[in-house]
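One-letter residues, chain by chain:
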Amino acid sequence: MLKWLSNLIDSNEKELKRLQPLVSKINSLEPELEKLSDAELRAKTDEFKTRLADGESLDEILPEAYAAVREAAKRTIRQRHFDVQLVGGIVLHQGKIAEMKTGEGKTLVATLPLYLNALTGQGSHLVTVNDYLARRDCHWMGPIYHALGISVAAITAMQTPDNPFPSYVYDPDLDSGDPKWKHLHTIPYPPNQPQKARRQAYEADITYGTNNEFGFDYLRDNMVWDLSQCVQRPLNYAIVDEVDNILIDEARTPLIISGAAEEATKRYYTFAHLVEHLKKDEDYSIDERTRTATLTEIGMTKMEKMLKREGLLKAPDIYDPSNYFVTQYLDSALKARALFKSDKDYVVKDGQVIIVDEFTGRLMFGRRYSEGLHQAIEAKERVKIQRESVTLATITFQNYFRMYQKLAGMTGTAATEAEEFHEIYKLEVVVIPTNKPLKRTEHPDQIYKDEKTKFAAVAKEIKQLNDQGRPVLIGTTSIEKSEYLSDLLRKNGVPHQVLNAKQHEKEAAVIAQAGRLEAVTVATNMA
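To start, this report covers the structure provided alongside it. As a convention, each chain's residues are numbered from 1 in the sequence order in which they are written. Confidence filtering applies because this is a predicted model: local features only for residues at pLDDT of at least 70, side-chain atom pairs given and counted only at 80 or more, and all residues used for totals across whole chains, interfaces and linings. Neither water nor hydrogens contribute to the side-chain values; these are computed over all heavy atoms in the structure.

Here's the deal with the overall build of the chain
Just so we agree on the cut-off: Put simply, DSSP H or I for four residues or longer makes a helix, DSSP E for two residues or longer makes a strand, and each gets a number counted from the N terminus. Each residue is assigned to one of three classes by its accessible area relative to the maximum for its type, calculated with a 1.4 Å probe on protein chains only: buried under 20%, partly exposed between the two thresholds, exposed over 50%. What makes two residues a contact is simply this: any of their non-hydrogen atoms within 4.5 Å. Computed with a 1.4 Å probe, the accessible areas rest on the Shrake-Rupley method; for each residue, only the protein chains presented here act as cover. When charges are counted, Lys and Arg are positive and Asp and Glu negative, with His and the chain ends excluded. For the purpose of locating charges, the reference atoms are NZ of Lys, CZ of Arg, CG of Asp and CD of Glu.
The secondary structure content of the chain amounts to 19 helices and 19 strands. Overall size of the chain, expressed as C-alpha extent along the three principal axes, is 90 × 65 × 50 Å. Within the span of the chain, comprising 527 residues, buried residues form 48% of the whole. In the chain, the proportion of contacts linking residues at least 24 apart, taken out of those at least 6 apart, comes to 71%. Accessible surface, the chain: about 27100 Å² in total, of which carbon and sulfur atoms supply 50%. Distance from the positive charge centre (69 side chains) to the negative charge centre (77 side chains) of the chain: 4 Å.

Some remarks on a nonpolar patch on the surface
This is how the line gets drawn: Distance thresholds for patches are 9 Å for like charges and 5 Å for nonpolar side chains (Val, Leu, Ile, Met, Phe, Trp, Tyr), applied to residues having over 30% relative accessible area and no salt bridge. Salt-bridge detection follows one rule: a side-chain nitrogen of Lys or Arg within 4 Å of a carboxyl oxygen of Asp or Glu.
On the surface, Met 223, Val 390 and Leu 392 cluster together to form a nonpolar patch covering roughly 240 Å² of accessible area. Looking at the secondary structure, you find Leu 392 in strand β14 (residues 389-396). For Leu 392, a relative accessible area of 48% corresponds to the partly exposed category.

Some words on the sheet that holds strand β18 (residues 497-499)
Put simply, the rule is: Any two strands with at least two DSSP-identified bridges between them are counted as paired. Throughout, an axis means a line fitted to C-alpha atoms (over the contacting stretch in the case of helices), and angles, computed between N-to-C directions, take values from 0 to 180 degrees.
On the basis of which strands lie adjacent, the open sheet formed by three strands has the order β17-β19-β18 and parallel pairing. The open sheet has two edge strands with one neighbour each: β17 (472-476) and β18. Between one strand and the next, the sheet's axes are offset by a mean angle of 20°, whatever the strand orientation. One ladder, built from five bridges, connects β17 with strand β19 (residues 520-524); its direction is parallel. The partner of Ile 474 across the bridge, within β19, is Val 522. Against the sheet, helix α18 (residues 479-491) touches β17, β18 and β19, its axis set at about 160° to β19.

A few points about the pairing of strand β10 (residues 292-295)
Of the two faces of β10, the one holding Ala 293 and Leu 295 is buried and the one holding Thr 292 and Thr 294 is not buried anywhere. Relative to β10, strand β9 (residues 284-287) runs antiparallel, the two sharing four bridges. Counted as the bridge partner of Ser 285 is Thr 294 from β10. Between β9 and β10, which follow one another and run antiparallel, lie four residues, and Arg 291 among them has a positive phi close to 55°.

Some remarks on the packing of helix α6 (residues 106-118) against helix α7 (residues 131-147)
Just so we agree on the cut-off: By the definition adopted for this analysis, an angle is roughly parallel if under 35 degrees, roughly antiparallel if over 145, roughly perpendicular if from 65 to 115, and oblique otherwise. What makes a crossing left-handed is the near helix being turned counterclockwise from the far one by less than a right angle; a clockwise turn instead makes it right-handed. Polar here means any residue outside two lists: the nonpolar Ala, Val, Leu, Ile, Met, Phe, Trp, Tyr, Cys and Pro, and the charged Asp, Glu, Lys and Arg; Gly therefore counts as polar.
At their nearest, the axes of α6 and α7 sit 11 Å apart, and the two run at 55° to each other. Taken together, the axes of α6 and α7 lie oblique to each other. In terms of crossing hand, the pair formed by α6 and α7 is right-handed. Where α6 approaches α7, its residues Thr 107, Leu 108, Ala 110, Thr 111 and Leu 114 are matched on the opposing element by Arg 136, Asp 137, Trp 140, Met 141, Ile 144 and Tyr 145. In terms of residue class, the contact of α6 with α7 is made up of seven nonpolar, two polar and two charged.

Section: the sheet that holds strand β11 (residues 346-349)
Ordered by their spatial adjacency, three strands build an open sheet running β11-β12-β13, and the pairing between neighbours is antiparallel. Unpaired on one side and paired on the other, β11 and β13 (363-364) mark the two borders of the sheet. The strands touched by helix α14 (residues 373-380) within the sheet are β11 and β12 (352-356), with β12 carrying the most contacts at an inclination of about 125°.

Here's the deal with the packing of aromatic side chains
Rules: Paired rings are identified among Phe, Tyr and Trp, the last through its six-membered ring, by centres lying within 6.5 Å, and are further divided according to the angle between planes into stacked (under 30 degrees), edge-to-face (over 60) and tilted (the rest).
Across all of its chains, the model carries 11 aromatic pairs by this definition. For the ring pair Tyr 400 and Phe 401, a centre distance of 5.0 Å and an interplane angle of 75° mean the geometry is edge-to-face. Relative accessible area serves as the criterion here: at 0%, Phe 401 is assigned to the buried category. Three or more aromatic residues link up through ring pairs in this structure, and these residues are Tyr 218, Phe 397, Tyr 400, Phe 401 and Tyr 404.

Structural notes on the nonpolar core
Stated precisely, the cut-off is as follows: Grouping buried Ala, Val, Leu, Ile, Met, Phe, Trp, Tyr and Cys residues that are joined through side-chain atoms within 4.5 Å yields what is termed a nonpolar core.
Counting residues in hydrophobic clusters, the biggest one holds 59 residues, and the most contacted among them are Leu 114, Tyr 208 and Ile 239. Residues in contact with Ile 239, not counting those within four places in the same chain, are Leu 92, Ala 110, Pro 113, Leu 114, His 125, Leu 126, Val 127, Ala 408 and Met 410.

Observations regarding the environment of Thr 476
Along the chain, the position of Thr 476 falls in strand β17. Linking Thr 476 and Glu 297, residues 179 residues apart in sequence, is a C-alpha distance of 38 Å.

Observations regarding a negative patch on the surface
Taken together, the side chains of Asp 249, Glu 419, Glu 420 and Glu 423 present a region of like negative charge at the surface. Looking at which element gives the most residues to the negative patch, the answer is helix α16 (residues 418-425), with three residues. Counting through the fold element by element, Glu 419 comes out in helix α16.

Details of helix α3 (residues 38-53)
For clarity, the threshold we go by: Each helix should span, by expectation, one fewer than its residue count multiplied by 1.5 Å.
With 16 residues, α3 ought to run about 22 Å at 1.5 Å a step, and its terminal C-alpha atoms sit 24 Å apart, in line with that. Of all the positions in α3, only Leu 41, Lys 44, Thr 45, Phe 48, Arg 51 and Leu 52 are classed as buried. The inward-facing, buried residues of α3 contact α2 (30-34), α4 (58-76) and α6. Gly 55 sits one or two residues past α3 and shows a positive phi near 115°.

Some words on the environment of Pro 21
By secondary structure assignment, the location of Pro 21 is in helix α1 (residues 2-28). Since its relative accessible area comes to 54%, Pro 21 is described here as exposed.

Description of the pairing of strand β3 (residues 152-155)
Residue alternation in β3 divides its side chains into two sets, Val 152 and Ala 154 and Ala 153 and Ile 155, and both sets are buried. Of the pairings in the sheet, the one linking β3 to strand β6 (residues 206-210) comprises three bridges and is parallel in character. Paired with Ala 153 across the two strands is Thr 207, which belongs to β6. Pairing geometry for β3 and strand β4 (residues 167-170), over three bridges, is antiparallel. Considered in β4, the bridge of Ile 155 is made with Ser 167.

Concerning helix α13 (residues 324-338)
Along its 15 residues, α13 runs 21 Å from first to last C-alpha, staying within 8% of the 21 Å computed at 1.5 Å per residue. Among all positions of α13, only Phe 325, Val 326, Thr 327, Tyr 329, Leu 330, Ser 332, Ala 333, Leu 334, Ala 336 and Ala 338 are buried. Here the buried face of α13 lies against α11 (267-275), β9, β10, α12 (297-310) and α14.

Here is the structure:
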């Protein structure tokens, strides 16, 4: 591992040196472009497109294109790309991952390769982690693209009954009436045809959106009756922001579109009651890595006796083909009992089981587990069982993003997972140096022998910081852990606020106070 990291550092230095002539070429063009009028600068885009049509490659026009983007940024948003940002932009165009420290301007860096690859007319996508960033970055960087005659749009999941596919386009000539997003306009669409607005967003030269929306639009396109109803174009080029989160942490997270199946059956209640008699390790074993629960020989015998007593077995052997329906209910009930925990994987609210997003801690209203699992959890919690659903289309983030003709990514932490990126996606990682020496002290991770010791140390440090009057924000991975830490703080006499999916209604109020003196906020990473 150490040898591999050493090789990574050596190759990184060589790559940075190799890119310096390109950076110098871009810098040499700056005085020339500064003399151009706004109209002449915009005309550069048409010139680039003509040269591409005549046979030049994107690599050949890269220096001039990047110099044009830098000049447009200076004139519109008053920001000039630093040399290290140019390096990051080149790396992203080459279909690699740029690791850049927090605060080094990844949003501005992305404008360079997005513009260059949009010149082909096949579209460029910027994939971000939430709806706010998709709209913010589109609106913030929009003036740069507009100055160059390039269209930019955003897609989000913030649905309303009147607009199931929210799509926006940047246009500085119109006022949206929203002071926060003054020039970001909702794309109108004909009655009962909201997909036409989404298609228009994808037809823009550059489209900002979340990983979920890009994936769901792909699934919906594969369910249409007519190709004219598709909204996406062929997947050309994408930059994935927070690439380690989306392509590694959430890589195998399935996106699922489901439909209603037959009415729910009360047998879920029966099986939920039966599995309560099973004991962990004796009657069933758990594999946490694959999230599966399996009956042991003892557990199988015990379950067969209970099922015979209930009159539910058609054959003596529980796994006989004639007992197929039994095993389906049993597997769901066992998984619901053994693997899915209340206040961690889901919460029960107003008589409903609501899934908690494992990465953000937010409640996922309207989302349901498939293949009878959600019904099994409802039976376990003794709430009303909703109608079952059947999977109509599904894909993982890993499989979706591998379909792009060219894929790139950016994040503050990629080098530690460089080997995985290479093995799974054939993506190389290049660590971009900071523009100025880093003043922030980046301490190494502290490792503890067990979770109890770790949380005790965390509570102790929070107490010390709180005594100094410093505000503290603590991120936890689940509701369960946030409340465990809250109990420790309460015992240590530290006043604090807890923010997780169970208190999401007061989220804005808690965050507004989080920076005050002596404020301590314990949150899932929804904050």
